[in-house]
Amino acid sequence: MPSATSNSWLNRFAWLTCVTTLLLICSGGMVTSKGVGLAVPDWPTTFGYNMFLFPVSKWVGGILFEHTHRLMGSLVGFVTIILAVWLWLSEDRQWVRNLGVIALAGVILQGILGGLRVTMMKDEIGIFHACIAQAFLGLLVVIALVTTNFWRTLTSQRTDAQEFAPIKTLAIAITIAIYVQLALGATMRHQHRDLAILDFPTANGAWIPDTSATALAKINVWRDARGLSDVTAFQVWLQMAHRFLALVIGIALIAFCVRVWRDSPRFGALKRLSIFWVALVACQIALGAWTIWSNKAADVATAHVALGAVMLSFGVSISSICWRISQIALGRPAAAGPGAPRSEPIRA
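The following paragraphs examine the structure supplied in this document. (Residues numbered from 1 in each chain as written. Predicted model: local features only at pLDDT ≥ 70, side-chain atom pairs only at ≥ 80, totals over all residues. Heavy atoms only, no water.)

### Concerning the overall build of the protein
Then, in step 1: The secondary structure content of the protein amounts to 10 helices and 0 strands.
Then, in step 2: N-terminal to C-terminal, the α/β element order of the protein is α-α-α-α-α-α-α-α-α-α.
Then, in step 3: Taken over the C-alpha trace, the protein has a radius of gyration of 22 Å; the compact-globule value for 348 residues is 20 Å, and the two agree within 12%.
Then, in step 4: Once the C-alpha set of the protein is aligned to its principal axes, its extents read approximately 65 × 55 × 25 Å.
Then, in step 5: Of all 348 residues assigned to the protein, the portion counted as buried reaches 50%.
Then, in step 6: Considering only contacts in the protein between residues 6 or more positions apart, those separated by 24 or more positions represent 78%.
Then, in step 7: Within the structure as shown, the protein displays about 16500 Å² of accessible surface, and the carbon and sulfur contribution to it stands at 70%.
Then, in step 8: Across the protein, the centroid of the 27 positively charged side chains sits 8 Å from that of the 16 negatively charged ones. (Helix = DSSP H or I, 4+ residues; strand = E, 2+ residues; numbered from the N terminus. Rg over C-alpha atoms; globule rule 2.2 N^0.38 Å. Buried < 20%, exposed > 50% of the residue type's maximum accessible area, 1.4 Å probe, protein only. Contact = heavy atoms within 4.5 Å. Areas by Shrake-Rupley, 256 points an atom, 1.4 Å probe, with all protein chains shown as cover. Lys, Arg positive; Asp, Glu negative; His and termini not counted. Charge placed at Lys NZ, Arg CZ, Asp CG, Glu CD.)

### Focus on unusual backbone geometry
Then, in step 1: A cis geometry characterises the amide bond from Trp43 onward to Pro44, with omega recorded as 5°.
Then, in step 2: For Pro44, the position within the fold is in the loop between helix H1 (4–34) and helix H2 (61–90).
Then, in step 3: Here the residue pair Phe200 and Pro201 is connected by a cis peptide bond, since its omega of 10° sits within 30 degrees of zero.
Then, in step 4: With respect to the helices, strands and loops of the structure, Pro201 is situated in the loop between helix H6 (161–191) and helix H7 (213–224).

### Considering the packing of H2 against helix H4 (residues 123–146)
Then, in step 1: It is at 13 Å that the axes of H2 and H4 come closest, and there the two elements cross at 35°. Crossing hand, H2 versus H4: left-handed. Residues His69, Val76, Thr80, Leu83 and Leu87 of H2 form the contact with H4, whose participating residues are His129, Phe136, Leu140 and Ile143.
Then, in step 2: Across the contact of H2 with H4, the residue classes tally to 6 nonpolar, 3 polar and no charged. (Axes fitted to C-alpha atoms, helices over the stretch in contact; angles between N-to-C directions. Left-handed = near helix turned anticlockwise from the far one by under 90°. Nonpolar A, V, L, I, M, F, W, Y, C, P; charged D, E, K, R; others polar.)

### Some details on the side chain of Arg189
Then, in step 1: Looking at where Arg189 falls in the secondary structure, it is placed in helix H6.
Then, in step 2: In this structure Arg189 is buried but unpaired, with Asp299 as the nearest side chain of opposite charge at 10 Å.
Then, in step 3: A distance of 2.8 Å separates a polar atom in the side chain of Arg189 from the backbone oxygen of Gly29. (Salt bridge = Lys/Arg side-chain N within 4 Å of Asp/Glu carboxyl O. Polar contact = N/O pair within 3.5 Å; in protein donor to acceptor, adjacent residues only side chain to side chain.)

### Digging into the packing of aromatic side chains
Then, in step 1: Across all of its chains, the model carries 8 aromatic pairs by this definition.
Then, in step 2: Judged by centre distance (6.4 Å) and plane angle (15°), the rings of Trp151 and Trp323 are stacked. Here Trp151, found in helix H5 (residues 149–153), pairs with Trp323, found in helix H10 (residues 298–329); they are 172 residues apart in sequence, far enough to count as distant.
Then, in step 3: Overall, the relative accessible area of 35% leaves Trp323 in the partly exposed class.
Then, in step 4: On the numbers, 6.1 Å between centres and 65° between planes, the contact of Phe200 with Trp293 is edge-to-face. On the criterion of sequence distance, the pair formed by Phe200 in the loop between H6 and H7 and Trp293 in helix H9 (residues 268–293) is long-range, its members being 93 residues apart.
Then, in step 5: A connected cluster of aromatic rings, assembled from ring pairs, spans Phe47, Tyr49 and Phe54.
Then, in step 6: Over the ring of Trp88 we find Arg97, and its NZ or CZ is 4.1 Å from the ring centre. (Phe/Tyr/Trp six-rings, centres within 6.5 Å; stacked < 30°, edge-to-face > 60°. Lys NZ or Arg CZ within 6 Å of the ring centre and 35° of its normal.)

Everything listed is a geometric property; what it means functionally is a separate question.
Pasting the structure below:
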């Protein structure tokens, strides 16, 4: 039987793994924002050196960002291995142990994708690499959440399954929409080095951009004169889709918050998390606008990526809590006996 102290330390380590992964995503975002993904042309070596023996004196310019990203990726891989082994040895819930194995497979896949992005120089691999990174973080958040005592205390929360179903459905739908939004953002960042639309809230001076051949020709002449890359209609509409989905997510989050406070006031954790979720989307929209107004300044664009990852993490947490509550309401409580953590409750 795992001790309360052991479970408490396991949970802390799981959250540490989440934070480390978030920092890795920030590092990757900075590499992409600065356009230095190929500053180190070889992999798994670094200019012929063993990655871990590359001289610090050579960490300059774009090499600093790319090499640091590789080292952070190695660190995340190392802590994920520890987490997977720790879960396998201390967890009685088989499904939680399986999550650790999936996380281990995910971090290996990420390392391979990162290497292929360098050796094959394919933007599509970079997009896939970015999307898997967000999914990997979401998985780690689930592992951290289900190893808290708070997860076990949810068994005492009772509600009507039919009344709660719309809240759960809305939470999951918003989380999926956020993931799609992150995928759109990754596609935008890897498809062109400059912004396809340089103004906000308008788009090329209009609410609905003109992407006819004549209009695009004029736009690209204007961009060429300023040293900006040419754009296509697809790139313009991709950015418009990103803006539109941001609006939809914002409205849906407000609706979710209102629904939780109105229909499930006794779930204090959900009420507080829903407020934070709305605040996050407001900050994210502001950062998106700032990214455009600053002409995609690297630090602002990276903060936008990082906050998107935090928003997804909140969505995964809230969706998991809603799923747990709905299972209990249906009379199918997940095993909370021998394998459940027995540390002090973590207040959400």
